Amino acid sequence: MQMSSSIESMALDVSDQEMLLFQQLFREHIGLYLPFSKKALLCSRLSRRLGELSLSSLKEYHSMISRPQEEAERQRAIDLITTNETYFFREQKHFDALRDQILPQIDRRHPLKVWSAASATGEEAYSIAMLLDDQRSQHPWSVLASDISLRVLSFGRRALYPMVRGELIPPPYLSRYCLRGTGEYEGHFLIDQKIRKRVTFEQRNLLSLPAEMDGQFDVVFLRNVIIYFDFPTKVDVLRSVVSKLRPGGWLVVGHSESLHGMPLELQMHAPSIYRRLP
């Protein structure tokens, strides 16, 4: 109990120097802008790990994860610090637009590829997959779900969720694509295999996307992630993501995210929905 108490005390007294060290580290590796106002978040996410490693300060931990040979521990810190809260069919208007405006403009015979570019624990990717199966069950389609965090990708592959995460799933989809848990899985549901096999989970760093992804995707969902970047990093990330769209492909960002003033090859179709120029 004394260790827990000392860690909590430490968490209340993070120096500006320590905060600056982590700010630079996360910006360098994943582009995340962590302002000084997030000191409490940094501490709450990392304090337990410091206790597990018997470290007495954030400076010690930073020194550890800065070493090239500590890539695994650095990834663990990234997993802990990135925000991953989400739920199924978040921002419903985007799914309505996908069904009613975007899909009708894509040939059904075309092998449709959708990328959930900051998929967190997979709810967005599976929401897209449910809609695609409903609309194009007899035609080729696939969903790529990516995130920087290995921990959340593992959660997404498992495809087992608390019932509360599925409150906004349309009832026909809930009965068709979700299996209610029993026994030790009471209060959870599992995504049906027919949906899981169409969704691939892969780790991707939005700052360094592979060239082989260029021009692959018809639709990219990049929602509620660029708000964590500073302006130059937002532009770099968006340029890279847009290059992965086929000419005429669609980009969906969060309702609170603006691309105003960014030099991008995009045309706004509706608020938060853009199309790559042909």
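Use the structure listed above.
Residues numbered from 1 in each chain as written. Predicted model: local features only at pLDDT ≥ 70, side-chain atom pairs only at ≥ 80, totals over all residues. Heavy atoms only, no water.

Engineer: Whenever I open this one, helix α2 (residues 16-30) confuses me. Can you help?
Structural biologist: Quick reminder: α-helices carry 3.6 residues per turn. Residues three or four places apart thus point the same way. If you check α2, its first and last C-alpha atoms are 21 Å apart, about what 15 residues at 1.5 Å a residue would give, namely 21 Å. Every buried residue of α2 is listed here: Glu-18, Met-19, Phe-22, Gln-23, Leu-25, Phe-26 and Ile-30. If you follow the buried residues of α2, they end up packed against α3 (39-52), α4 (58-65) and α5 (71-81). Looking one or two residues past α2, Gly-31 carries a phi angle of roughly 80 degrees, positive in sign. (Helix = DSSP H or I, 4+ residues; strand = E, 2+ residues; numbered from the N terminus. Expected span 1.5 Å × (residues − 1). Buried < 20%, exposed > 50% of the residue type's maximum accessible area, 1.4 Å probe, protein only. Contact = heavy atoms within 4.5 Å.)

Engineer: Please explain the packing of α2 against α3 as it appears in this structure.
Structural biologist: Two packed helices can be described by the angle between their axes and the distance between those axes. Closest axis-to-axis distance for the α2/α3 pair is 11 Å, and the angle between their directions is 75 degrees. Classified by the interaxial angle, the pair formed by α2 and α3 is roughly perpendicular. Along its contact with α2, which presents Asp-16, Met-19, Phe-22 and Phe-26, the element α3 presents Lys-39, Leu-42 and Leu-46. Residue composition of the contact of α2 with α3, by class: five nonpolar, no polar and two charged. (Axes fitted to C-alpha atoms, helices over the stretch in contact; angles between N-to-C directions. Parallel < 35°, antiparallel > 145°, perpendicular 65-115°, else oblique. Nonpolar A, V, L, I, M, F, W, Y, C, P; charged D, E, K, R; others polar.)

Engineer: Just checking my understanding: could you explain the packing of aromatic side chains for this structure?
Structural biologist: Each aromatic ring pair is characterised by the separation of its centres together with the angle its planes make. The final tally for this structure, using the stated rule, is 12 aromatic pairs. Measuring from ring centre to ring centre gives 5.0 Å for Phe-88 and Tyr-161, while their planes differ by 85 degrees; the resulting arrangement is edge-to-face. Of this pair, Phe-88 sits in the loop between α5 and α6 (92-102) while Tyr-161 sits in strand β3 (residues 160-162); the two residues are 73 residues apart in sequence, bridging distant segments of the chain. Taking relative accessible area as the criterion, Tyr-161 reaches 0% and is therefore assigned buried. Relative to Phe-189, the ring of Phe-88 has its centre 5.6 Å away and its plane inclined at 55 degrees; by these criteria the two rings are tilted. With a gap of 101 residues between them, Phe-88 in the loop between α5 and α6 and Phe-189 in strand β5 (residues 188-191) connect regions that are remote in the sequence. Across the pair, Phe-189 and Phe-88 agree in class, each one buried. (Phe/Tyr/Trp six-rings, centres within 6.5 Å; stacked < 30°, edge-to-face > 60°.)

Engineer: Whenever I open this one, the environment of His-94 confuses me. Can you help?
Structural biologist: Tracing the backbone shows His-94 in helix α6. If we skip the residues at most four places from it in the chain, His-94 touches Phe-221, Arg-223, Val-252, Val-253, Gly-254, His-255, Ser-272 and Ile-273. A polar atom in the side chain of His-94 sits 3.3 Å from the backbone oxygen of Val-253. (Polar contact = N/O pair within 3.5 Å; in protein donor to acceptor, adjacent residues only side chain to side chain.)

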